[in-house]
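# Remarks on the overall topology
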Amino acid sequence: MASVLGTRSSSAILASRPLSFPASNSKSAISSLSLNPGQNYGRRFYGGIGIEEKMGRALFAVTNVATEVNSVEQAQKRSKESQRPVYPFTAIVGQEEMKLCLLLNVIDPKIGGVMIMGDRGTGKSTTVRSLVDLLPVIKVVVGDPYNSDPEDPEAMGIEVRESVVKGEELSITFSKINMVDLPLGATEDRVCGTIDIEKALTEGVKAFEPGLLAKANRGILYVDEVNLLDDHLVDVLLDSAASGWNTVEREGISISHPARFILIGSGNPEEGELRPQLLDRFGMHAQVGTVRDAELRVKIVEERARFDKNPKEFRDSYKAEQAKLQQQIASARSSLPAVQIDHDLKVKISKVCAELNVDGLRGDIVSNRAAKALAALKGRDKVSAEDIATVMPNCLRHRLRKDPLESIDSGLLIIEKFYEVFS
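Residues numbered from 1 in each chain as written. Predicted model: local features only at pLDDT ≥ 70, side-chain atom pairs only at ≥ 80, totals over all residues. Heavy atoms only, no water.

### Things to note about the overall build of the protein chain
Along its length, the protein chain carries 18 helices and 14 strands. Evaluated residue by residue, the protein chain yields a buried proportion of 47% over its 423 residues. Of all intrachain contacts in the protein chain linking residues separated by at least 6 positions in sequence, the fraction that spans at least 24 positions is 75%. Total accessible area on the protein chain stands at roughly 21300 Å², and carbon and sulfur atoms take up 51% of it. (Helix = DSSP H or I, 4+ residues; strand = E, 2+ residues; numbered from the N terminus. Buried < 20%, exposed > 50% of the residue type's maximum accessible area, 1.4 Å probe, protein only. Contact = heavy atoms within 4.5 Å. Areas by Shrake-Rupley, 256 points an atom, 1.4 Å probe, with all protein chains shown as cover.)

Structure follows, in structure tokens:
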């Protein structure tokens, strides 16, 4: 189950730039494309799929390119084998609150992500990156740089949507959900996308080169040390998280593409506070503390030493547990639409939010979604009060107004109010 952090499907890897083939194979590679004389066609290869272009716009007329697709899959497999191994999710000791928040977001991406705050050296980044092995497979359009959903018009790029309107048949493949790292030093052009300089110089036309937000569409965008992120990048994330679309205005080009992602951030509160506008965009909030139990600390040290000594053997020892959890997640995702929550429980959730003076209605919405996702994870089709009690502190903790004179932890305050209302 070796998986790679931040890897993309073969279609996403090759969609951003043309492939170059040896001269001996170039003729056979494009021989299946028929060009009408007197019309200006270009040729690009997206994910191994030959696509005719006319006037700079891709026409999704797909030909028989099994050889190219197979070679791309083999290259991707070799790339995975050569990448650095990831620590198994099921091997992480403790930190149950953080792990639960991450799993619930994978089951229902509409929860809105999770903010993880805690002491340094508590495994925040390791846990998030280990999630990549458990990510499910989704349907994507072959050759589309935005990972467009062939069944949901709201999650389609402009070109794919135009192809659907014209009645053209789309080539569909299955790909694992992407996990994209957003570096602190990233530029706005790299995040949002920019002009394709190579195409501008070689062909003399203006073309858009997608950025990290395009790659993260329908996937996970992870920001380590998010509280240290530059303000201009925070503004970009706020805009995309609010609308689900990224709009780029560059050099006379105006382009929009879907940018719906699970936003995961981690940081140390001692290094700086997060802007409240961005904090409110995270669906859940997990607090991570240093393990105090001596036996657990020894176990963590020993497990890490085993992994560093022989990563492959260590990962193989957890393969069965990883497969079991992956199956549990897949089952929960498929059964989630059938999970019901009683009207009486919904009223009590909203009453708790109202009495805690939570601003807005995001707290109510996220609490309902998280409780349903937890019920699905446990294999039930109905939400219980216990499910709500488990997730409510994580859904509301970061939405409470800060009182500098208050000594009680906000999570305990939420639990007290929960039992007062649900009693």
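### Considerations on the nonpolar core
L102, L104, I116, L131, I264, M284 and I388 are the most contacted members of the largest nonpolar core, which totals 60 residues. For this core, the domains that each give at least three residues are domain 1 (84-136 + 177-291) and domain 2 (331-422). If near-sequence neighbours (up to four positions away) are discounted, L131 is found in contact with F89, L102, L103, V106, M179 and I220. Residues M115, F208, V226 and F261 belong to the second largest nonpolar core, which totals 30 residues. (Core = buried A, V, L, I, M, F, W, Y, C linked by side-chain atoms within 4.5 Å. Domains from an automatic or database assignment.)

### A word on helix α14 (residues 319-335)
Taking 1.5 Å as the rise per residue, α14 with 17 residues should run 24 Å; its terminal C-alpha atoms sit 24 Å apart, in good agreement. Taken together, the buried positions of α14 are occupied by Q322, L325, I329 and A332. Viewed along the axis of α14, the buried residues span an arc of 90°, placing them on a single side of the element. Away from its buried face, by an angle of more than 90 degrees, α14 presents the exposed residues A320, K324, Q327 and S334. Contact partners of the buried residues in α14: α4 (96-107) and α16 (362-377). (Expected span 1.5 Å × (residues − 1). Arc of directions from axis to C-beta.)

### Regarding the sheet that holds strand β10 (residues 220-224)
Taken in spatial order, the five strands of this open sheet run β7-β10-β13-β4-β14, and their pairing is parallel. Only two strands of the sheet have a single partner each, and these edge strands are β7 (179-181) and β14 (284-288). Across the sheet, the axes of successive neighbouring strands diverge by a mean angle of 20°, strand direction being ignored. (Pairing = 2+ DSSP bridges. Axes fitted to C-alpha atoms, helices over the stretch in contact; angles between N-to-C directions.)

### Focus: the side chain of K99
Mapping K99 onto the fold places it in helix α4. Sequence-distant contacts of K99, defined by excluding residues within four places in its chain, comprise F89, I92, G94 and T127.

### Comments concerning the state of the cysteines
Tallying each qualifying case throughout the model produces zero disulfides. Cysteine C353 is unpaired, with the sulfur of C395 as its nearest cysteine sulfur at 8.7 Å. The thiol of C395 is unpaired, and the distance to the nearest cysteine sulfur, on C101, comes to 7.5 Å. (Disulfide = S-S within 2.5 Å.)

### A short note on the packing of aromatic side chains
Scanning the entire structure with this criterion turns up six aromatic pairs. Judged by centre distance (5.3 Å) and plane angle (35°), the ring pair of Y87 and F314 falls under tilted. Here Y87, found in the loop between α3 (66-82) and α4, pairs with F314, found in helix α13 (residues 311-317); they are 227 residues apart in sequence, far enough to count as distant. For the ring pair F418 and Y419, a centre distance of 5.2 Å and an interplane angle of 80° mean the geometry is edge-to-face. Linked through ring pairs, Y87, F307, F314 and Y318 together constitute an aromatic cluster. (Phe/Tyr/Trp six-rings, centres within 6.5 Å; stacked < 30°, edge-to-face > 60°.)

### Focus on the pattern of salt bridges
The full count for this structure, using the stated rule, is 22 salt bridges. Of the charged contacts, one joins E96 and K99 as a salt bridge, the two residues approaching to 3.5 Å between their closest N and O atoms. Here the residue E96 and the residue K99 both occupy positions in helix α4, the gap between them amounting to three residues, near one helical turn. Judged by its relative accessible area of 54%, E96 is exposed. The residue R304 makes a salt bridge to D308 at a minimum N-O spacing of 3.3 Å. Pair noted here: R304 and D308 are both in helix α12 (residues 294-309), with a separation of four residues, about one helical turn. Judged by relative accessible area, R304 falls into the partly exposed class, the value being 35%. Each of the salt bridges in this network shares a partner with another, and the network as a whole consists of D231, D235 and R275. (Salt bridge = Lys/Arg side-chain N within 4 Å of Asp/Glu carboxyl O.)

### Observations regarding the packing of helix α17 (residues 385-396) against helix α18 (residues 410-422)
Direction vectors running N to C along α17 and α18 enclose 145°, while the axes themselves pass 9 Å from each other. Both α17 and α18 take part in a crossing whose hand is right-handed. Contacts from A385, I388, A389, M392, P393 and L396 of α17 reach α18 at G411, I414, I415, F418 and F422. For the contact of α17 with α18, the class distribution of residues is ten nonpolar, one polar and no charged. (Left-handed = near helix turned anticlockwise from the far one by under 90°. Nonpolar A, V, L, I, M, F, W, Y, C, P; charged D, E, K, R; others polar.)

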